[in-house]
Structure formats: C-alpha cells, structure tokens
Amino acid sequence: TLAGRRMCPLGWLGVASLCLGTLWAVPAKDRRKEEKPKAELSLYGNLDLDNYDLTLDNYGDILDLSNYEELYDYGDLVPKIEVGTLAPRPKVPKTLPELGGTTAGTPKVQPPSGAGAVPPAPIPGQGDCFHAPPGLPSCLLCLCLGTSVYCDDAGLERIPALPPGTAYLYARFNRIGAIRAGDFRGLEKLKHIDLSSNSISWADADAFRLLPSLQELLLPQNLLTALPELPRSLVRLDARLNRIPSAGLRPEAFRDLKQLQFLHLSDNRLDFIPVPLPESLRSLHLQNNNIRTMHEDTFCDSQDQGQIRRALEDIRLDGNPINLSLFPNAFFCLPRLPTGRFS
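Residues numbered from 1 in each chain as written. Predicted model: local features only at pLDDT ≥ 70, side-chain atom pairs only at ≥ 80, totals over all residues. Heavy atoms only, no water.

The name an unreviewed UniProt entry assigns to the protein chain is OPT protein, from the organism Leptocoma aspasia. Quoted verbatim from the Subcellular location (unreviewed entry) field of UniProt, the annotation for the protein chain is "Secreted, Extracellular space, Extracellular matrix". Regarding the protein chain, the UniProt comment filed under Sequence similarities (unreviewed entry) reads as follows: "Belongs to the small leucine-rich proteoglycan (SLRP) family. SLRP class III subfamily." (UniProt positions renumbered as here; feature names shortened; annotations may be inferred.)

What follows is the structure in structure tokens.
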C-alpha cells in the first residue's frame, strides 16, 4: 500500500542507526587494540613489566615503578675495588748514567782545562759549614741560614769552622770542652755567641778579645772556673751556673766595657762583687754566690752625695750570706734597693 511504501525508508533508517549504535558501544580501549599495532618492545628490553601490555596507546600513561627498583644493574659499570689493596707501583724510571760514566754516543764529562783540582768534600762529623751554590749555605752538622749558624744538640766536641760572614752562632747542648784562641779568628761580623749547656772548662785568654762586633756572649751551664778577656763592644754577658770564683775574674774586668748593660754571674763561687762596674750597666745578677761583704763604693761614689745612678735598676744579691742593711752607703745613689737579705 501507499502507507507501507512510505514506512520502508524509515525502517531502513532505524536499522542503520541501530548498527551504528552497536559499533560505537564497543569500548574505545578495545577498539584501539584492534586498530593500532603494539609498540616496538625492543625499546624497553631493560624493563621487567611482567604482563603489562605496552602499546602506543598507553605509552603516555603514568607507570608505577615502585615495584621495579632493580630496573638496571649498575654494578657492571662500577670498577670492582678490593678493600685493603694498594695502588699499583709507578713504573721505576730507568737509572740515569752517572756523571763519570760513559754511554754509547755520550763522551765522558771532563773538567774544563785550567779549572784546577776539585777540592775534596768535607769530612762528615766535623760540623764545618760550606756554601753549596746555587742555594742557601749548607752545613754538615749545623744549619746555616744567611748569617746565622745553628749547631744545637749536634754532638760537637769543639767549635766548628764557621763561614767568614757568620754573625750569630747557636751551639747549645753539645759536648764542647774548651774554647781556643783560633776558634773565632777572622769573624769580624760575629755579634752573638750562645754556648749554653756545654762542658766548657776553660777559654783561651784571646778567645773573644779580638771580636770587634761581639755584643752578646752566653756561657751559662758550663764548667768554667775563669773568664777570659772580653771585647769592649760587649753588651750582654751571661755566665750563670758555672764554677767561677772571684779569683777567676781579671782585675777590673768590666771597667772598660762602656757598653755593657747586662752582667749575669749568678750561681757561681764569687766572694765579692766585681768592681768597678761601668755606668752603662742596667742589670746585675749575683744571686746564689758566696758574697759576704760590700765596699761603700761598690755602686755609688761615697764622695758625691748628689750622685744618682739611674741606669742600674736591677740588682740581685739574694741567696748570698751578706746582710745588706749593714751597708746603706753602698747603694744610696740607686733608684731601687738591691734584692737580698736586710736583716
């Protein structure tokens, strides 16, 4: 009929809609599985993802890698080091030929003509100093730095030969037994000599007298029984802890030492204070001797009541049997009283 013919196109349209609806009802995930190929799994060979289906569709998905801590074993990339082993020894270079030897194609080294004989090397144990250019001066048993020579605790039994420019000598804590007249000969620049803590029992009369620049002479803790003649340039003399009696001092030994400021003779065997003392003196240490008496002119001029001796401010007489209160006129000119017993 006419009505049936009109319904036919509408029926076909419904059927088509139903088919399309069925097709789109399939999940997009399944539909993409069928349409798109899987990703190249060789790119992820190092990942152990069990049954995870890796395709181009889920490539951008966020993966939970908390269960894949051992994704890659980096132990193969780190060199294995055994604990306690040492680094390999460096290759020992080939031994160089000695200067006096000959090698193939190398002529033997000869000294230049006219150079003269080569001086022999110093004998070890003598303590002699010598210059070894280029560089600082060198010593065998001493250390030479500039104008200073250090020979402390070197086992010396005598004064070593010194460079001519020596200004300071330190030879403490050795076994030096005597000082000879020629030990310091020609050392016109020598300013300071320290021979503390040796075994010096005597010094030649001219051992120090001819040293024009000597300012400090330190001889404590030795076995001296007498002092030699001293140079007039001396500023400081320290001869503590020796065995020097008053007879071991030359008459008026310090009168001409116009630059002497420090005279330390404590812990000896002196019977009296050595006089006269130069006006330049600032410190006099005579403690622990055997001094029993004092002259009125020991420090002051008894005829000049207005004298003031301002420089001499440090006098030590303690440890002596002298009673200083018995000699008030001996130190009226001093700015300070001597240290000692006053009763």
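Read on for the rest.
(A) Geometry of the overall build of the protein chain. Helix and strand counts for the protein chain come out as two helices and 13 strands. The proportion of buried residues among the 343 residues of the protein chain is 32%. Taking the contacts inside the protein chain whose residues are at least 6 apart along the sequence as the reference set, 40% of them involve residues at least 24 apart. Carbon and sulfur atoms form 56% of the exposed surface of the protein chain, whose accessible area is close to 23100 Å². (Helix = DSSP H or I, 4+ residues; strand = E, 2+ residues; numbered from the N terminus. Buried < 20%, exposed > 50% of the residue type's maximum accessible area, 1.4 Å probe, protein only. Contact = heavy atoms within 4.5 Å. Areas by Shrake-Rupley, 256 points an atom, 1.4 Å probe, with all protein chains shown as cover.)

(B) Quick peek at the pattern of salt bridges. Counting across every chain of the model gives 14 salt bridges. Here glutamate 229 makes a salt bridge to arginine 250, at a shortest N to O gap of 3.7 Å. Remark: arginine 250 occurs in the loop between strand S10 (236-238) and strand S11 (262-264) and glutamate 229 occurs in the loop between strand S9 (216-218) and S10; sequence separation between them is 21 residues. When its relative accessible area of 40% is taken as the criterion, arginine 250 is described as partly exposed. Beyond isolated ion pairs, a larger network of salt bridges with shared partners links Asp206, Arg209, Glu229 and Arg250. (Salt bridge = Lys/Arg side-chain N within 4 Å of Asp/Glu carboxyl O.)

(C) Summary view of the environment of phenylalanine 208. One can find phenylalanine 208 in the loop between strand S8 (202-203) and S9. Of the residues examined, phenylalanine 208 reaches a relative accessible area of 0% and is grouped as buried. Sequence spacing of phenylalanine 208 and isoleucine 193 is 15 residues, and the spatial spacing of their C-alpha atoms is 9.8 Å. Those residues within four positions of phenylalanine 208 in sequence are excluded, and the remaining contacts are Ile179, Phe184, Ile193, Ala203, Leu214, Leu217, Pro228, Glu229 and Pro231.

(D) Layout of the side chain of serine 197. Following the sequence through the fold, serine 197 ends up in the loop between strand S7 (192-194) and S8. Owing to a relative accessible area of 16%, serine 197 belongs among the buried residues under this scheme.

(E) Expanded view of the state of the cysteines. Evaluated as defined, the whole model comprises two disulfides. One disulfide in the model links cysteine 142 with cysteine 151; its S-S distance is 2.0 Å. Measuring handedness by torsion sign, the sulfur bridge of cysteine 142 and cysteine 151 sits at about 110 degrees and is right-handed. Classification of cysteine 151 by relative accessible area gives buried; the value is 0%. The disulfide bridge from cysteine 300 ends at cysteine 333, spanning 1.9 Å between sulfur atoms. (Disulfide = S-S within 2.5 Å.)

(F) Representation of the packing of aromatic side chains. Taken as a whole and judged by the stated rule, the model has three aromatic pairs. For the ring pair tyrosine 150 and tyrosine 170, a centre distance of 5.1 Å and an interplane angle of 5 degrees mean the geometry is stacked. Taken as a pair, tyrosine 150 in strand S4 (residues 148-150) and tyrosine 170 in strand S5 (residues 168-170) lie far apart in primary sequence, 20 residues in all. (Phe/Tyr/Trp six-rings, centres within 6.5 Å; stacked < 30°, edge-to-face > 60°.)

(G) Quick look at the confidence of the model for the protein chain. Confidence in the prediction of the protein chain, expressed as mean pLDDT, is 75, and 59% of residues score 70 or more. Between residues 62-128, whose pLDDT stays under 50, and residues either more than four places distant or in other chains, the model counts 28 contacts. Low pLDDT (under 50) marks residues 130-138, which in the prediction has 11 contacts with non-local residues, meaning those over four places away or in another chain. (pLDDT = per-residue confidence, 0-100.)

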